[in-house]
Structures are given as structure tokens and as C-alpha cells.
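Residue-level listing of the chains:
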Number of protein chains: 2
Amino acid sequence: MAKKGESNEVKSGEKGITVKKSEDISEWYSQVILKAGVADYAPIKGCMVIRPLGYSIWTRIQDYFNQVLESYQVENAYFPLFVPESFFKREAEHAEGFSPEVAWIERKDLSEERLALRPTSETIMYHSYSKWIRSWRDLPLKINQWCNIIRWETNAVKLFLRSREFLWQEGHCVYETEEECIKEADEYIKEYKNLCESLLAIPVKIGRKTDSEKFAGAVFTNTMEALMPDGKATQLGTTHHLGQNFSKAFDIEFLGKDSQKHYPFQNSWGFSTRLVGSMIMLHSDDKGLVLPPKAAPIQVVIIPIFREDAKEKVLAEAEKLRKSLSGIKVKVDSREGLTPGWKFNEWELKGVPVRIELGMRDIENHAFVACRRDSGEKQSFKLSEAAQVIPGLLDEIQKSLFEKAVNSIEKRTKKTADFVEMVQEINKGNWVEVPFCGEKPCEADIREKTEGITSRVITGNISKEQGETSCINCSKKARYFVIFSRAY
Amino acid sequence: MAKKGESNEVKSGEKGITVKKSEDISEWYSQVILKAGVADYAPIKGCMVIRPLGYSIWTRIQDYFNQVLESYQVENAYFPLFVPESFFKREAEHAEGFSPEVAWIERKDLSEERLALRPTSETIMYHSYSKWIRSWRDLPLKINQWCNIIRWETNAVKLFLRSREFLWQEGHCVYETEEECIKEADEYIKEYKNLCESLLAIPVKIGRKTDSEKFAGAVFTNTMEALMPDGKATQLGTTHHLGQNFSKAFDIEFLGKDSQKHYPFQNSWGFSTRLVGSMIMLHSDDKGLVLPPKAAPIQVVIIPIFREDAKEKVLAEAEKLRKSLSGIKVKVDSREGLTPGWKFNEWELKGVPVRIELGMRDIENHAFVACRRDSGEKQSFKLSEAAQVIPGLLDEIQKSLFEKAVNSIEKRTKKTADFVEMVQEINKGNWVEVPFCGEKPCEADIREKTEGITSRVITGNISKEQGETSCINCSKKARYFVIFSRAY
């Protein structure tokens with residue numbers, strides 16, 4: 001059961017955010033999500049409820065990404081929630097990597113095999129793949145599923161960022177050649193970046209993971225990382241080149257054009273509802289949620305302002321204005337018994353990108369006032385121009401949120417070759433690019449010494465001009481530049 | 001693990017259906033689904049894999065129904081997979097009804113409460129509702145979720161019709177008044193009927209359930225039932241009026257306009273991936289799948305037929321034809337090394353509603369041949385008229401499948417007041433409308449005596465003109481007419 005106090009949601013509108021983002025970002029983040037009605041704690045330790053506002057953001061992400069999937073001819077399917085225990089064990093690294101956080105079903109019949117709840121679906125899917133794939137004609141096989149995932153985290157729940165159940169997509173593709181396989185693993189991480197940057201206005205870094213941080217069972221992992229305002233990174237998506245590790249473990253073989261049997265190459269890739277939380281943490285402010293227009297379920301809210309005698313006229317004009325904004329998601333808030341001020345606060349809390357205020361005086365002037373949620377800036381426009389100016393305003397907000405985030409992250413991206421300086425910078429809320437040997441024991445040593453600093457992403461090789469550089473931590477030669485930070 | 005032989009999927013195209021629908025419908029049904037690649041058995045007892053072809057049908061159902069949800073202002077959300085044991089027990093009937101088929105998580109920490117995997121989400125959702133609902137302003141609250149559901153069936157798996165995990169939607173709405181609540185419970189069952197009839201071409205009967213068959217915890221249940229070709233009924237969707245049973249059990253209260261606290265009224269309603277299986281069983285034939293055009297992921301397949309020297313010309317014309325059919329989902333099957341005949345069989349097996357054959361002679365005649373999957377009928381059309389005739393042809397197929405099903409079901413709907421005749425008719429593959437007292441012990445008696453005949457749906461009251469009629473089974477007065485049959 002949830003701890004007392006975890007579920008202290010205050011009804012939206014009744015009370016604003018009581019702490020500043022700059023003062024206590026963790027408490028601020030929870031309050032924004034709870035009070036705006038994005039999500040709620042569930043009465044089960046480590047679990048959350050995604051409320052309609054939060055789920056609608058996830059739906060927009062799904063809609064966007066389903067189009068990407070279609071362009072790659074990846075098809076959606078659905079595999080079981082349950083994974084037989086023996087399946088995990090077939091790929092040794094994979095089994096070891098996931099075992100601490102796997103949840104199991106109570107067996108009703110002890111003669112039956114123990115079943116896990118999927119922490120990821122490689123093994124259960126690849127068992128089917130081994131039945132379906134016979135010849136080169138069956139390749140590439142490209143399947144995605146949208147589903148719930150269970151990882152029995154022992155750390156405290158952090159809404160969207162860490163919970164025992166979350167929603168995600170997982171793509172699982174099989175190819176004749178390693179070349180195609182790597183090519184697409186690299187393309188999918190770029191598509192993830194496009195999604196984050198264009199839809200959610202989250203600037204991200206993509207690149208390979210070090211060996212310590214790669215997926216259990218992969219040859220290599222591409223990752224997408226974002227820096228949050230508190231200086232912690234969030235891993236927002238990964239694509240794994242699995243090589244033939246799983247095809248060998250699951251007996252996936254195909255008859256090639258050469259009439260010989262071959263093991264195909266595989267990749268897998270996923271992002272989760274964590275995207276929703278990271279977007280919120282990045283853009284929102286002390287008044288509540290700030291949503292990028294492309295991700296917002298309501299893009300414009302019209303607040304009619306009137307005395308009783310002008311009510312009909314103002315409501316009619318508001319409705320007319322709404323209809324003129326075709327292609328934009330507009331809501332007219334015509335609820336009675338609530339003041340305009342109360343409504344302003346509520347829609348600010350809920351992050352609607354543009355608020356339109358429309359009163360009798362505006363109507364007499366054939367005008368309306370638009371207020372930007374991101375900057376608070378107010379501007380008056382002619383009613384007749386609404387259909388022209390509002391889409392432009394929404395684009396501007398989208399762009400401006402992204403640029404603001406880019407600037408902030410650039411400022412907080414540091415570079416050093418000195419270990420002490422690295423730790424100092426990270427403790428100040430930055431992430432730091434450093435030369436690194438890439439070896440597992442060295443990385444474990446860094447994590448231990450610093451109580452949790454980890455490598456996030458390889459940003460580039462050491463160029464020839466730079467000559468030999470030492471690892472930030474050990475005396476060995478550095479292999480590449482890597483961003484280190486604390487992370488969610 | 002699956003029994004040996006469960007997973008004997010034959011690659012599509014390699015081998016057709018080997019039994020006739022009229023001879024062994026159960027084996028025929030499995031073969032159609034496995035060989036067409038709609039779904040597969042999972043390596044876990046009682047579970048299945050929904051392959052891309054099957055999942056795309058589910059996606060069409062989701063797209064259709066999400067629009068219905070929007071028109072009722074029902075919003076999508078996501079609640080946890082886990083339900084604390086104590087939650088079930090709060091509504092006594094509900095707990096009793098579901099307990100045999102609930103699956104539980106192995107506890108890692110015995111001090112924590114036992115957690116079930118949701119067999120339905122009333123209890124976990126209504127706990128949150130009790131936090132979110134404060135005043136009449138928060139009502140109606142209308143939430144739906146699309147999710148996976150776990151019911152640990154002990155009966156054998158029947159692809160789509162009975163499995164331990166399935167996908168569904170569950171709507172859960174809360175209202176100030178009982179009147180609104182009942183009104184919408186009755187409207188949602190009509191929307192379900194529209195979905196089945198217009199999208200899937202499945203004729204259904206809707207009406208109330210008897211007390212024995214209503215949802216555990218409901219005041220009453222509306223059901224939607226279809227009659228399958230083997231004479232068994234499938235329950236395809238239900239809407240439940242829950243009254244105040246759950247609001248009282250979960251302390252959901254609201255402050256009314258009268259400033260008094262009240263318990264609101266609730267309904268819940270759902271349909272599942274069972275729809276996909278029923279649609280397939282109803283329309284498909286000895287050659288494989290037959291899909292209603294509105295539910296088909298590929299509506300038209302163009303098979304170019306050519307010798308090597310005409311290849312470019314024919315492929316170019318096929319592509320031109322595809323592009324001319326905008327708004328229709330068309331695939332050009334230009335795969336090499338496969339004969340046209342092989343392709344015909346494959347697309348017949350996969351149920352594509354219209355096949356277009358396009359060869360050099362057709363092109364010279366500015367014509368093409370269209371072949372209907374449902375009737376096998378072939379017709380030649382002018383190439384220039386494709387965009388006009390193909391949509392009409394698809395509509396005709398949709399309509400024809402529905403009418404055929406309506407006729408078949410009408411013929412197999414019998415009426416009697418005689419118990420022996422009822423059983424005889426049911427054993428011949430019909431469902432039978434009979435006068436019934438509606439009492440639980442009487443219904444239990446019928447089920448036992450007949451080894452599984454159950455009431456499906458109340459079709460109407462006994463009219464005054466009919467006077468007093470006795471129950472089909474006992475000496476009591478009949479309350480209403482009810483359809484009885486065997487069922488999946």
C-alpha cells in the first residue's frame with residue numbers, strides 16, 4: 001500500500017504549486033503532476049495511475065511514432081505478458097541483467113513452469129520468431145508492440161520516471177545481414193531524437209553506451225539522453241544491436257538465397273512513458289504544467305468574460321472563434337459559477353499553450369487577447385485574423401520552448417579531463433564530457449567513488465589531432481569522450 | 001508450456017486449410033487463424049500471440065471506438081495491472097464472482113499485501129475515483145482504458161475466444177443521477193451493436209442478462225450476443241449498471257448542488273479481442289479468412305501478371321492503378337519467383353476482400369479483372385473507372401457479408417415453449433427463444449440437466465395479449481422471453 005501522504009493530491013484549481021522549481025525540484029515535480037491531474041500515485045507501492053491528461057500526451061506520442069513505424073514497414077502485434085523462466089536463461093547475460101527486478105506469478109499448479117511478468121519481451125517474442133522464420137523471404141521481420149512492462153524496482157517511485165509498471169513500445173526486427181541490422185538500429189535512435197525534439201521539444205544527445213551500460217544481451221546499445229533542470233540525466237530511449245546472440249539462443253534460422261542455413265541478425269528498441277515525465281520536468285514552471293503545443297491535448301482555451309446581460313453574445317462569439325480555428329484543438333470554457341481568474345489559474349496549471357480572453361469590449365473592437373503560457377506575454381489580435389495568427393503563435397511557442405531548453409542544456413554541458421573538476425561540475429547540476437577508457441572495472445570504480453555518477457553516452461572518438469589522452473579516472477589510454485552525470 | 005502439436009503452424013501459402021468448416025468447425029477455425037497468420041499459440045498454456053494481421057483488425061476496432069468515446073466525452077487513461085487483495089473484498093458479490101480465475105504475484109516481501117493481476121478494473125479504478133470526486137462539478141467522470149486482462153481460465157485455450165490473457169477496453173463512468181447512468185449504460189450497448197454490425201458485419205442481439213448471468217456486483221447487465229455457425233453463442237460485449245454498489249464500497253461521495261453528500265451512480269462496460277475471433281468464425285470459409293472490407297488491413301491486392309519482357313510495363317500500370325485508388329488500402333504484390341496462382345491462394349487465405357488481376361492483355365484492353373473474395377465472382381472493369389467502381393464493390397461486399405450473416409442467424413433463431421424441443425433445437429445448432437421465470441435456481445437446473453445450456457439475453461417481456469405463460473423449465477409464471485443456447 002502507498003505510504004500515507006503519498007496520495008495527497010489537491011484538486012486542480014483549488015490550490016496552486018506551493019514550492020518553486022528552483023528550490024525543491026523533486027517536490028515541485030510531484031506537485032505539478034498531481035495538481036495538474038497528469039497522473040496520481042496508485043494504492044500499490046511503486047505504481048502510478050496515468051490520468052486522461054497524461055494519457056493524452058502518451059497518445060500523441062503513439063500517433064506520431066505509429067507513422068514512423070509505418071514508414072519503416074514495422075507492424076504492430078501483441079505477445080503475452082508472461083515469460084517462462086527457462087526462456088530467460090537461454091541468453092546468459094540477459095538473464096543476469098534482468099533477474100533482480102523480475103516479478104513472478106504465484107503458481108496454481110506446481111508442475112507448471114514458473115512465469116515472469118515481462119520486464120522486456122526479447123525472449124517471449126523470439127521463441128515465436130523461431131517458428132515463423134524459415135527463409136530469406138520472411139526477412140526482414142519487423143514487429144513492434146505497445147504494452148505494459150513490469151520491473152520490480154526497489155527504489156522509491158518517481159512519477160513517470162521510475163515505477164514498477166510502465167507503458168512502452170518495443171520494436172524487434174530481424175535481418176539477413178548485420179549491415180542492415182546496424183543501419184536500422186542507428187536509424188531508429190535518430191527517429192527517437194526527431195520525436196523528442198520536434199514533438200516534445202526535448203533536446204537530446206544520442207550515441208553509443210559504454211559496455212557497462214549496454215543492454216543485457218546486446219552487442220552494443222545506442223542511447224538517447226536528456227539533461228533535466230536539476231542536473232540529472234534521463235535515459236529516454238535505447239536501440240540495441242543484438243547481433244546473433246538471441247538468434248543463436250532461440251534457434252532462429254533461415255534458409256538463405258544460397259540454400260544454406262544462417263542465423264539472422266536482430267535489433268530491439270524502446271522508449272516509454274518516461275518521455276512524458278521528462279517533458280514535464282523540462283518545460284514546466286512555478287505555475288504548473290507547460291506543454292509544447294504539438295503535445296498538448298488542448299492547444300487553445302477560450303475564456304469568455306461577460307456580465308449576465310452579455311452572456312449569450314459573448315458565448316456565441318467564443319463559439320464562432322473556436323470554429324474558425326479548424327485543425328487546432330480549442331476548448332471554450334463556458335462553465336458557470338467560476339470567475340475568469342479562477343479559470344486562468346486552472347488552465348495555466350494544466351499547461352494549455354495559449355489562452356484567449358474574449359469579453360464584450362474585445363468583441364466591440366473585433367479583437368481578442370491571446371496569452372502565451374510559456375512567456376506570459378499578452379497580445380491583441382483582430383478576430384478576423386485568428387485563423388492566421390494562432391497557428392503561427394503555436395509554432396513560435398513550440399520553437400521557443402525547444403530553443404530555451406537547448407540553451408539551458410548547452411550552458412550546462414561541461415568538458416574536462418580532470419576527475420575532481422568533473423565531480424564538482426556534476427554536483428553543480430551539469431553533465432560533463434570526459435575522456436574515458438571504456439572499461440567496466442574503471443566505470444564501476446567511478447560509480448562507487450562518486451556515489452552514483454554513471455556514464456550516459458559516448459559522444460565521440462578521440463581525434464588524431466588530440467593525440468593520446470588518459471582516461472579521466474585511470475592511467476589507461478582514453479578510448480572516447482563520454483558524458484558522465486547522475487541520472488534518474 | 002504448450003502441448004506438442006498446439007504450435008503446428010504451417011507457413012501461409014505452403015498449405016491451405018485441410019478441413020471443411022461444415023465438417024469440423026473447431027479444427028477449421030484454428031487452421032484459418034494459424035495459417036492466415038492472424039494469431040499463434042504462445043509457449044504458455046492458455047495464452048496466444050496476436051500477429052500483425054490480427055492486431056491490425058484490433059487497431060481498426062480501436063480507431064472506430066475511440067471516435068465513439070470522444071463523442072461521449074469519455075477520456076482514455078491507464079490504471080495499474082495490480083489490484084490489492086483487500087480491494088476485491090470490498091464488494092462481496094464481485095469478489096466471489098472473480099475469485100476462481102484470479103492470478104496473483106509472488107510476494108517478495110511477505111509484509112506487503114497480496115496483489116492480483118486485474119481480471120477487470122472496477123476496484124483499482126474506483127479507489128482513485130474516491131480521491132478525485134468531490135463535488136457535482138466533477139461529474140460525470142467518464143474514463144476508458146485499453147489494456148490487457150488476466151483471467152486464469154482452466155478450460156482449453158480457444159484462439160481469441162478464451163485465453164488467460166486478452167486485450168479489451170473497459171469504460172467506467174460516474175454520474176449524479178441513476179437516470180443518466182442507466183441511459184448511458186443502455187446507449188453504450190447500442191454503440192457496441194453499431195460497431196459489430198457496421199464495421200465487423202456481425203449481426204448481434206442486445207438486451208439484459210438474467211440474474212444468473214449478470215456481472216458480479218452489478219444491478220443489471222446489458223449484453224451483446226452473436227450466434228456462431230456451429231450454433232454456439234459468443235458474448236461480445238457487456239455494459240453494467242452498477243448502481244451505488246461500488247460507490248458505497250469505495251467511499252465515492254460527492255457534494256451535490258444541495259450541499260449534501262451523495263453516493264453517485266456508476267456503470268462499466270467492455271468488449272475484447274474476442275470480437276476478432278467471432279468475426280473470423282462467422283465470415284471465413286474453406287479457403288481461409290474472409291474479412292469485411294471495413295475491417296481489412298489490405299482491402300485490395302493487385303497481382304501483376306507478366307512474362308519477363310512485359311514486366312516493367314505491367315508493374316508501372318499496377319502502380320498507377322494503386323495510386324488511382326486513393327483512400328483505399330491497396331497492396332501491389334510484385335514479389336518475384338512466385339506464380340500468380342500461388343499469390344492468389346495466399347491472398348485468399350489472408351482474406352483480402354478484392355483481388356485485381358492485371359496482365360498485358362488487360363492493359364491493352366484498358367481493363368482489369370476484379371475478383372471478390374466473398375463470392376469468388378469475377379468482373380472486368382475499365383481501368384479508367386477503377387476509382388469509381390472499387391469503393392462501390394467494397395461496400396457491396398461489406399453489405400453482402402452482413403446480410404448473409406443476418407439470414408443465417410434468422411434461420412437459426414427458433415422459438416418454443418417446450419423444454420424438450422428447446423434442447424433438440426439447440427443441439428441442432430440453433431439458439432432458442434423461450435419463456436423463462438428468470439430465477440437463479442431454475443437457470444442452474446437447466447444448465448445442469450442440459451450439460452451447459454445457458455441463458456444468453458432477455459429479448460422481451462411477455463405481452464399482455466399473450467397472457468400468463470409458464471416458464472420453459474419450472475411451473476412458475478414466465479417473466480420474459482430469453483434466448484438459450486450453448487456458448488463459448
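Think of each chain on its own: its residues are numbered from 1, step by step along the sequence as written. Note on labels: chains are lettered from A, ligands numbered from 1, in written order. Where totals are concerned, whole chains, interfaces and linings use all residues; where local detail is concerned, this predicted model gives features only for residues with pLDDT of at least 70, and gives and counts side-chain atom pairs only at 80 or more.

**Q** Explanation requested: the relation of the copies chain B and chain A in the structure shown.
**A** Note: a rotation about an axis with an accompanying shift along it relates these two copies of the chain. Superposing chain B onto chain A takes a rotation of 180° plus a shift of 0.0 Å along the axis, which leaves an RMSD of 0.0 Å. What we have between these two chains is a two-fold relation. Residues are defined as contacting one another if the C-beta atoms placed from their backbone atoms lie within 7 Å. Take the interface residues of chain B: 100% of them recur as interface residues in chain A, which is what a same-surface contact looks like. Here the copies were fitted onto each other by least squares, based on C-alpha atoms from residues at pLDDT of at least 70 in both.

**Q** It is not clear to me how the interface of chain B and chain A should be interpreted in this structure. Could you clarify?
**A** At the junction of the two partners, chain B supplies 42 residues and chain A supplies 42 residues. Helix and strand labels come from DSSP, where a helix needs a run of H or I of at least four residues and a strand needs a run of E of at least two; each type is numbered from the N terminus. Among the elements of the structure, strand E2 (48-50), helix H2 (52-71), strand E3 (75-76), strand E4 (82-84), helix H5 (122-132), strand E6 (141-150) and strand E7 (165-175) of chain B are those that each provide at least two residues to the side of chain B that touches chain A.

**Q** Where do I start with the packing of H2 of chain B against helix H6 (residues 178-199) of chain B in this structure?
**A** Helix-helix packing: each pair is described by the crossing angle between the helix axes and the interaxial distance. Residue and element names in this part refer to chain B. Lines fitted to the C-alpha atoms define the axes, with helices restricted to the stretch that makes contact. Angles between their N-to-C directions range from 0 to 180 degrees. Remark: H2 packs on H6, axes separated minimally by 11 Å, with the N-to-C direction vectors making an angle of 140°. Between H2 and H6, the angle is such that the two are oblique. Handedness of the crossing formed by H2 with H6: right-handed. Two secondary-structure elements touch here, H2 through Arg60, Ile61, Tyr64, Phe65 and Val68 and H6 through Glu191, Leu195 and Leu199. Of the residues assigned to the contact of H2 with H6, the class counts are six nonpolar, no polar and two charged. Small angles under 35 degrees read as roughly parallel and large ones over 145 as roughly antiparallel, with 65 to 115 read as roughly perpendicular and the rest as oblique. Each crossing gets its hand from how the near helix is turned against the far one by less than a right angle, where anticlockwise is left-handed and clockwise is right-handed. All amino acids are sorted into three groups, where Ala, Val, Leu, Ile, Met, Phe, Trp, Tyr, Cys and Pro are nonpolar, Asp, Glu, Lys and Arg are charged, and the leftover types, Gly among them, are polar.

**Q** Even after reading the chapter, I still don't get the sheet that holds strand E15 (residues 330-332) of chain B, so can you show me in this structure?
**A** Across a sheet, strands are paired by hydrogen bonds formed along the backbone, either parallel or antiparallel in direction. Residues and elements named next belong to chain B. Only strands that DSSP links by at least two bridges are regarded as paired with each other. If you trace the five strands from one edge of the open sheet to the other, you get E15-E14-E16-E17-E18, paired in mixed fashion. With one partner strand each, in any of the chains shown, E15 and strand E18 (378-382) form the two edges of the open sheet. For this sheet the average axis-to-axis angle between neighbouring strands, irrespective of direction, equals 25°. Strand direction decides the pairing type here: strand E14 (residues 300-305) and E15, joined by three bridges, are parallel. Opposite Val300, over in E15, you have Val330 as the bridge partner. With respect to the sheet, helix H9 (residues 311-324) is in contact with E14, E15, strand E16 (354-359) and strand E17 (367-372), its orientation differing from that of E14 by roughly 165°. Packing against the sheet, helix H10 (residues 340-349) makes contact with E14 and E16, and its axis sits at approximately 170° to E14.

**Q** How should I be thinking about helix H14 (residues 440-449) of chain B in this particular structure?
**A** Three or four residues apart is the spacing at which side chains of an α-helix point the same way, because the helix has 3.6 residues per turn. Residue and element names in this part refer to chain B. Buried residues of H14: Cys442, Glu443 and Ile446, and no others. The buried residues of H14 occupy one face: seen down the axis, they fall within an arc of 100°. With respect to the buried face of H14, the exposed residues turned more than 90 degrees away are Lys440, Pro441, Ala444 and Glu448. Buried residues along H14 sit in contact with strand E21 (454-461). The burial label depends on the number of other C-beta atoms within 10 Å of a residue's C-beta. Counts of 20 or more mean buried, 12 or fewer mean exposed, and intermediate counts mean partly exposed, with C-beta atoms placed from the backbone. Picture the helix axis, draw a direction to every C-beta atom, and the arc is the one those directions span.

**Q** Just to check I follow, could you spell out the domain arrangement of chain A for this structure?
**A** By a frequent convention, interface size equals the accessible area lost on bringing the separate parts together. All names here are of chain A. Domain start and stop points were drawn from an automatic or database domain assignment. In terms of domains, chain A is made up of domain 1 (25-283), domain 2 (293-403) and domain 3 (413-487). Summarising the inter-unit geometry, the C-alpha centres of domain 1 and domain 3 are found 27 Å apart. Contact residues are listed per partner, giving 17 residues for domain 1 and 19 residues for domain 3. Elements supplying a minimum of two residues to the side of domain 1 that touches domain 3: strand E8 (205-208), strand E9 (220-227) and strand E10 (232-243). For the side of domain 1 that touches domain 3, the leading source of residues is E10, giving four residues. Taken together, the residues of the side of domain 1 that touches domain 3 sort by class into two nonpolar, seven polar and eight charged.

**Q** Mind showing me how you'd approach the sheet that holds strand E14 (residues 300-305) of chain A here?
**A** All names here are of chain A. Strand order across the open sheet formed by five strands is E15-E14-E16-E17-E18, with mixed pairing between neighbours. Of all strands in the sheet, those with a lone pairing partner are strand E15 (330-332) and strand E18 (378-382), marking the two edges. The sheet shows a mean angle of 25° between the axes of neighbouring strands, direction not considered. Looking at chain direction, strand E16 (residues 354-359) and strand E17 (residues 367-372) are connected through four bridges and run antiparallel. Paired with Ile356 across the strands is Ala370, a residue of E17. Helix-sheet contacts for helix H9 (residues 311-324) involve E14, E15, E16 and E17, and the interaxial angle to E14 is about 165°. Helix H10 (residues 340-349) rests against E14 and E16 of the sheet, and its axis sits at about 170° to E14.

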